[in-house]
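Architecture at a glance
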Amino acid sequence: MTLAIFDLDNTLLAGDSDHAWGQFLVEEGIVDAEDYRKANDRFYEEYLNGELDILNYLGFALQPLANHNMDQLLSWRATFMERKVRPMMLPKAAALLDQHREQGHTLMIITATNRFVTEPIAAELGIEHLIATEPELVNGRYTGEVAGTPSFQEGKVKRLQDWLQAYGRTLEGAWFYSDSHNDAPLLREVDHPVAVDPDPTLEALARDQGWTVVSLRD
């Protein structure tokens, strides 16, 4: 069966759920507002510029998960979904997902954003398969560490290859949609790479490679 793979942030969503989660933590007074906001914005700029040290970022981003119990985190996440994520949902993205479903394709999200943030988003979009950065969980509590390889840049390729091996699948005929030049390694691996509202670096690469460029924004 053909895989239709999607990046999440700024691709299926009109915004970045990882950065928005940081903003939510600031707005709710869960973290130190000034310091956390500055660091969150700085890391996001580094990501956009292709300069992000993913492990350094995750040390920052996963710490709030380690500081609170699961019940409290889940309560906050439900509020975050209503307040921050649902306004980012794109009708054209939903229509694109339906097009692939109608063709019998297997849908997957692959994202550098951690599973705690992205799992309910994938569920909301009706996408069963999710490859996300995995926060380490011990005895029902997050440790602040990463479990395994973060699904970022070449890490997305590795994590997907592991998934393909586990499920006995291949990338034959596969699609991958992304907005970011950070996803160039995986875009090069599939038969149908699609740049979605791409950043300038990815747009230039897509034009050079003859990849499809589309917009899901209204």
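Presented here is a report on the structure given in the accompanying data block.

**Quick look at the packing of aromatic side chains**
- One pass over the structure, following the stated rule, counts 14 aromatic pairs.
- For the ring pair F116 and Y142, a centre distance of 5.8 Å and an interplane angle of 80° mean the geometry is edge-to-face. Of the two residues, F116 is situated in helix α8 (residues 115-124) and Y142 in strand β4 (residues 141-147); the sequence distance between them amounts to 26 residues. Side by side, F116 and Y142 carry an identical accessibility label, which is buried.
- Ring centres of W175 and Y177 lie 6.1 Å apart, and the angle between their planes is 10°; on these two criteria the pair is classed as stacked.
- Three or more aromatic residues joined by ring pairs make a cluster, and in this case those are W21, F24, F80, F116 and Y142.
- The side chain of R42 reaches across the aromatic face of F43, ending 4.6 Å from its centre.
- Over the face of the ring belonging to F116 we find R77, whose NZ or CZ atom lies 4.6 Å from the ring centre.

**Comments concerning empty space enclosed by the protein**
- In total, this model carries two cavities of 30 Å³ or more according to the counting rule given.
- A volume near 230 Å³ is recorded for the largest cavity.
- Contributing to the lining of the largest cavity are 18 residues, with D16, D18, Y47, A112 and T113 lying nearest its centre.
- Elements represented by at least two residues in the lining of the largest cavity include exactly α2 (17-27), α3 (33-48), α4 (54-61) and β2 (106-114).
- Sorting elements by how many residues they give to the lining of the largest cavity places α3 first, with four residues.
- In terms of residue class, the lining of the largest cavity is built from eight nonpolar, four polar and six charged.
- As a volume, the second largest cavity reaches approximately 50 Å³.
- When its residues are assigned to classes, the lining of the second largest cavity shows five nonpolar, three polar and one charged.

**Overview of the pattern of salt bridges**
- Scanning all chains against the criterion turns up 15 salt bridges.
- Residues E28 and R83 are paired through a salt bridge, measuring 2.4 Å at the closest nitrogen-oxygen approach. One end of the pair, E28, is in the loop between α2 and α3; the other, R83, is in helix α6 (residues 70-85), with 55 residues separating them in the sequence.
- On the basis of relative accessibility, which here comes to 35%, the residue E28 falls in the partly exposed class.
- R83 gets classed as partly exposed once you look at its relative accessible area, which sits at 43%.
- Note that D197 is salt-bridged to R217, the shortest N-O span being 3.9 Å. Separated by 20 residues along the polypeptide, D197 in the loop between β6 (192-196) and α11 (200-209) and R217 in the segment after β7 (212-214) bring together distant segments of the chain.

**Section: unusual backbone geometry**
- A positive phi is found at N139, a non-glycine position, where the angle reads about 50°.
- Looking at the element boundaries, N139 is found in the loop between β3 (129-138) and β4.
- A positive phi angle, near 40°, is found at D197, a position not held by glycine.

The rules behind the values
Residues numbered from 1 in each chain as written. Predicted model: local features only at pLDDT ≥ 70, side-chain atom pairs only at ≥ 80, totals over all residues. Heavy atoms only, no water. Phe/Tyr/Trp six-rings, centres within 6.5 Å; stacked < 30°, edge-to-face > 60°. Helix = DSSP H or I, 4+ residues; strand = E, 2+ residues; numbered from the N terminus. Buried < 20%, exposed > 50% of the residue type's maximum accessible area, 1.4 Å probe, protein only. Lys NZ or Arg CZ within 6 Å of the ring centre and 35° of its normal. 1 Å grid on protein atoms, 1.4 Å probe; cavity = no way out; pocket = protein on both sides within 12 Å on 5 of 7 lines; lining within 4 Å. Points joined across faces, edges and corners; volume = space filled by probe spheres on them. Nonpolar A, V, L, I, M, F, W, Y, C, P; charged D, E, K, R; others polar. Salt bridge = Lys/Arg side-chain N within 4 Å of Asp/Glu carboxyl O.

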